[in-house]
Amino acid sequence: NRLLKPRLYPPMFVFPLVWVPTKCARAVVVSLAWEAPTPWRHLPFASPVLVLACSGIVVADLWNQTFFVQHDLEGAVYAAMILWLNEAAYAWAVFRCFPLRPQQGMVSFGVAAVTFALYLSAVLYWINTPSRIPTFLKNSAAGPPPPVSRHRAGGARGRG
């Protein structure tokens, strides 16, 4: 709650409205991939769709742990990048497994959601990194920044 947030940061009630349908769609796609007649039918855990879906759950939990528990914004950006790569690979696997089917739309929404989450993580890191925050924003309760003095401290030191 104490983080500076970008203009495109949605209200908190939007997050479950996006992530719950995204995860439900993932569950539907995974169940369809489990039942699909594919070359890996006898070894379902070798299915790229299932492997990438499971690794996506692990990486999403890593991002949650890094961002919400450890409050590590930089680590959250790295976890979000890994999550985006996993989601893109998952989408590729679904597109190969289910050509021209509704599953592709479900997965495309997930890629869009993870892309926006990566954007938010990167912007939150960028605007909340101490070296990047203007000094007058660091303590916004103190009001505007004090006027800059044109005189050096120490007065006439160094003058002949």
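So, a few notes on the structure that sits alongside this text. (Residues numbered from 1 in each chain as written. Predicted model: local features only at pLDDT ≥ 70, side-chain atom pairs only at ≥ 80, totals over all residues. Heavy atoms only, no water.)

Along the backbone of the protein there are five helices and zero strands. When the helices and strands of the protein are read in sequence order from the N terminus, they spell out α-α-α-α-α. The proportion of buried residues among the 160 residues of the protein is 33%. A separation threshold of at least 6 residues defines the contact pool for the protein, and within that pool the share at least 24 residues apart is 67%. Carbon and sulfur atoms provide 68% of the accessible area of the protein, an area that totals close to 11100 Å². (Helix = DSSP H or I, 4+ residues; strand = E, 2+ residues; numbered from the N terminus. Buried < 20%, exposed > 50% of the residue type's maximum accessible area, 1.4 Å probe, protein only. Contact = heavy atoms within 4.5 Å. Areas by Shrake-Rupley, 256 points an atom, 1.4 Å probe, with all protein chains shown as cover.)

Turning next to the packing of aromatic side chains. Using the criterion set out here, one finds five aromatic pairs in the structure. Between tyrosine 9 and phenylalanine 15 the ring centres are 5.8 Å apart and the planes differ by 55°, which places this aromatic pair in the tilted class. Counting every residue linked through ring pairs, the aromatic cluster contains Trp63, Phe67 and Phe68. The ring centre of tyrosine 9 lies 5.5 Å from the NZ or CZ of lysine 5, which sits over that ring. Residue placement shows arginine 26 over the ring face of tyrosine 90; its charged tip is 4.2 Å from the ring centre. (Phe/Tyr/Trp six-rings, centres within 6.5 Å; stacked < 30°, edge-to-face > 60°. Lys NZ or Arg CZ within 6 Å of the ring centre and 35° of its normal.)

Considering all chains together, one arrives at one salt bridge under this definition. Where glutamate 87 meets arginine 26, a salt bridge forms, and the shortest distance between an N and an O atom there is 2.3 Å. Of this pair, glutamate 87 sits in helix H3 (residues 73-97) while arginine 26 sits in helix H1 (residues 14-35), and the two are 61 residues apart along the sequence. Taken as a pair, glutamate 87 and arginine 26 share a single burial class, namely buried. (Salt bridge = Lys/Arg side-chain N within 4 Å of Asp/Glu carboxyl O.)

A full pass over the atoms with the stated rule returns one cavity of 30 Å³ or more. Considered as a void within the structure, the largest cavity measures approximately 50 Å³ in volume. Lining the largest cavity we find Thr22, Ala25, Arg26, Val29, Glu87, Tyr90, Met106, Val107 and Gly110. Going through the elements one at a time, H1, H3 and helix H4 (102-128) are the ones with two or more residues in the lining of the largest cavity. (1 Å grid on protein atoms, 1.4 Å probe; cavity = no way out; pocket = protein on both sides within 12 Å on 5 of 7 lines; lining within 4 Å. Points joined across faces, edges and corners; volume = space filled by probe spheres on them.)

This next bit is on the layout of surface pockets. Here the largest pocket is characterised by a volume of approximately 940 Å³. Every residue lining the largest pocket is counted, 37 residues in all, and those nearest its centre are Tyr9, Phe15, Trp63, Phe67 and Phe68. Mapped by element, the contributors of at least two residues to the lining of the largest pocket are H1, helix H2 (48-69), H3 and H4. When residues of the lining of the largest pocket are assigned to their parent elements, the largest contribution, 11 residues, is made by H4. A breakdown of the residues in the lining of the largest pocket according to their chemical character gives 25 nonpolar, six polar and six charged. (Nonpolar A, V, L, I, M, F, W, Y, C, P; charged D, E, K, R; others polar.)

Locating asparagine 86 in the fold gives a position in helix H3. On the accessibility criterion, asparagine 86 (9% relative accessible area) is buried. Not counting residues within four places of it along the chain, the set of residues in contact with asparagine 86 comprises Leu52, Ser55 and Gly56.

A cluster of nonpolar side chains, namely Leu8, Phe116 and Tyr119, defines an oily patch on the protein surface of about 270 Å² accessible area. Relative to the helices and strands, tyrosine 119 resides in helix H4. (Patch = residues over 30% accessible without salt bridge, like charges linked within 9 Å, V, L, I, M, F, W, Y side chains within 5 Å.)

In short, the description is geometric, and any link to function would need to be established separately.
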